[in-house]
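Architecture at a glance
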Amino acid sequence: DVVLYRKLPDLYVLHRVIRVRKEDYVILGDNNITLEYGVQDGDILGVMIGYTRDGKAHTTKETGYRLYAWVMTWCWPLRVLWRKGVRKLKRMIGKGSAHAGE
């Protein structure tokens, strides 16, 4: 499920619930690589049940959305590796261009 929750007094976030634990929820945004812990029932303001794309209404129960949600959840470790690899490559390129004028 995707929930809208209050992260800070004035910050509202729409993220996917990755794990439900006794004491809290583990949350992850589709474009994030860091899991968020400690989201409590009192922080959650609502659960997403549908969305509109290209002017057409959809529900979160549709096969296409469920497949998308599964892929986004399943590929999270790959996104972590990808982001770390991109960061490392940028650092390597940056170091190489610093020495290019020598």
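Everything here concerns the structure above.
Given the structure is predicted, the values throughout are model-derived calculations rather than measurements.

1. A few points about the overall build of the protein
Counting its secondary structure elements, the protein contains two helices and seven strands. Here the C-alpha radius of gyration of the protein, 18 Å, is well above what a compact globule of 102 residues would show, namely 13 Å. Counting only C-alpha atoms, the protein reaches 60 × 35 × 25 Å along its principal axes. The proportion of buried residues among the 102 residues of the protein is 25%. Put simply, 38% of the contacts in the protein that link residues at least 6 apart link residues at least 24 apart. Split by element, the accessible area of the protein, about 7,900 Å² in all, is 59% carbon and sulfur. Taking the average place of the 18 positive charges on the side chains of the protein and the average place of its 11 negative ones, the gap between the two points comes to 8 Å.

2. A closer look at the side chain of D24
Locating D24 in the fold gives a position in the loop between β2 (11-20) and β3 (25-28). By relative accessible area, D24 is classed as buried at 6%. Engagement of the side chain of D24 in a polar contact is seen with the side chain of R21, the distance being 2.7 Å. Beyond its immediate stretch of four places on either side in the chain, D24 contacts R19, Y37, G38, V39 and Q40.

3. Here's the deal with the nonpolar core
Formed by V3, Y5, V13, V17, Y25, I27 and V39, the largest nonpolar core amounts to seven residues. Among the elements of the structure, β1 (2-8), β2 and β3 are those that each provide at least two residues to this core. Residue contacts for V17: discarding those within four places in its chain leaves D1, V3, Y25, V26 and I27.

4. Observations regarding the environment of R21
Following the sequence through the fold, R21 ends up in the loop between β2 and β3. Between the C-alpha atom of R21 and that of K88, which follows or precedes it by 67 residues, the distance is 34 Å.

5. Some thoughts on the pattern of salt bridges
On inspection of all chains with the given rule, the structure shows four salt bridges. With a shortest N-O distance of 3.6 Å, K7 and E36 are connected by a salt bridge. Note that K7 is positioned in strand β1 and E36 in strand β4 (residues 36-39), a separation of 29 residues in sequence. A relative accessible area of 43% means that K7 is categorised as partly exposed. The shortest N-O distance in the salt bridge between R21 and D24 comes to 2.7 Å. Connected via shared salt-bridge partners are R21, E23 and D24.

6. Focus on the packing of aromatic side chains
Applying the stated rule across the entire model yields three aromatic pairs. Seen from their ring centres, Y51 and Y65 are 5.6 Å apart, and the 45° between their planes marks the pair as tilted. Residue Y51 is found in strand β6 (residues 50-53), and its partner Y65 is found in helix α1 (residues 63-74); the two are separated by 14 residues along the sequence. Overall, the relative accessible area of 26% leaves Y51 in the partly exposed class. With relative accessibility at 10%, the residue Y65 sits in the buried group. Between the aromatic rings of W70 and W74, the centroid separation amounts to 5.9 Å while the plane-to-plane angle is 15°, which identifies the pairing as stacked. Here W74 and W70 lie together in helix α1, a separation of four residues that amounts to about one turn. An aromatic cluster of three or more residues is present, and its members are Y51, Y65 and Y68.

Definitions and limits used
- Residues numbered from 1 in each chain as written.
- Predicted model: local features only at pLDDT ≥ 70, side-chain atom pairs only at ≥ 80, totals over all residues.
- Heavy atoms only, no water.
- Helix = DSSP H or I, 4+ residues; strand = E, 2+ residues; numbered from the N terminus.
- Rg over C-alpha atoms; globule rule 2.2 N^0.38 Å.
- Buried < 20%, exposed > 50% of the residue type's maximum accessible area, 1.4 Å probe, protein only.
- Contact = heavy atoms within 4.5 Å.
- Areas by Shrake-Rupley, 256 points an atom, 1.4 Å probe, with all protein chains shown as cover.
- Lys, Arg positive; Asp, Glu negative; His and termini not counted.
- Charge placed at Lys NZ, Arg CZ, Asp CG, Glu CD.
- Polar contact = N/O pair within 3.5 Å; in protein donor to acceptor, adjacent residues only side chain to side chain.
- Core = buried A, V, L, I, M, F, W, Y, C linked by side-chain atoms within 4.5 Å.
- Salt bridge = Lys/Arg side-chain N within 4 Å of Asp/Glu carboxyl O.
- Phe/Tyr/Trp six-rings, centres within 6.5 Å; stacked < 30°, edge-to-face > 60°.

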